[in-house]
Amino acid sequence: MRKSALMIFVLVMVAFVALAQSAAPSLSLDQVRQKLEENYKTVATLQANFEQELWSATQGRVISKGEGSVKYKKPGRMVWQYVKPEEHLYLTDGDTIWDYTPAEKEVTVYQVKDSLYKSFLIGIGDLKKDFEVSFHSGRAKNQAGLYQLDLTPRDPTERETIGRITIYVDPETFLVRETETIDALGNRNVIRFKDVVK
């Protein structure tokens, strides 16, 4: 479960730092993907606040809500600080992830060995190479007018662990406004970003 959570943590960060310049009103799938990749490569630092909801497929309801802040500095340095439902901290330097729970005064350390993790943490991610990319439900934009891209890992093991990620991108600023991860069991992890600063 922790490996799955860490994979989601890194991949959500991928979506978070995937930024682009102003976009034309209607872009093709390849144009959207290309802008995300190009801008991800140029981002040096980024920070934002976030809200998160975890929905359980077996229970049929939201089982956890969280909020906090995230900071990113290339290459691969990242801090996710949760303030709700409880204080929790994830830190990474691109090679190691430290998972710290202050209430328990416990740190768990993970080595980043997975190629997909490393690829995006150091800023050389290739969406087309690592994922099957498509517009969500075959539609470029959702009802709110955000571009919606489904990212399904090409690697069968990663697909089994991660499932599918949908990123929602503002067509004016090209900031990723929301991510939704659905794992192989149907559990959903939604993160909404706000107050994004480059």
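Up top is the structure.
What you are looking at is a predicted structure, and each value in this text was computed from that prediction instead of being measured.

(A) Looking closely at the overall build of the chain. For the chain, the count of helices and strands is 5 helices and 11 strands. Residue burial in the chain is summarised as follows: out of 198 residues, 45% are buried. Once local pairs closer than 6 in sequence are excluded, the contacts in the chain between residues at least 24 apart make up 46%. Surface summary for the chain: the accessible area is close to 10,200 Å², and the carbon and sulfur share equals 49%.

(B) Representation of unusual backbone geometry in the model. Cis geometry marks the peptide bond from Lys 74 to Pro 75; its omega dihedral reads 5°. Structurally, Pro 75 can be placed in the loop between strand E2 (61-73) and strand E3 (77-84). The omega torsion of the bond from Lys 84 to Pro 85 falls at 5°, within 30 degrees of zero and hence cis. Here Pro 85 lies in the loop between E3 and strand E4 (88-92). Even without glycine at this site, Ser 137 takes up a positive phi of about 55°. Topologically, Ser 137 is positioned in the loop between strand E7 (131-135) and strand E8 (147-153). Its identity as a non-glycine residue notwithstanding, Asp 195 has a phi of 55°, on the positive side. Residue position: Asp 195 is located in strand E11 (residues 188-197).

So, how was this worked out
- Residues numbered from 1 in each chain as written.
- Predicted model: local features only at pLDDT ≥ 70, side-chain atom pairs only at ≥ 80, totals over all residues.
- Heavy atoms only, no water.
- Helix = DSSP H or I, 4+ residues; strand = E, 2+ residues; numbered from the N terminus.
- Buried < 20%, exposed > 50% of the residue type's maximum accessible area, 1.4 Å probe, protein only.
- Contact = heavy atoms within 4.5 Å.
- Areas by Shrake-Rupley, 256 points an atom, 1.4 Å probe, with all protein chains shown as cover.

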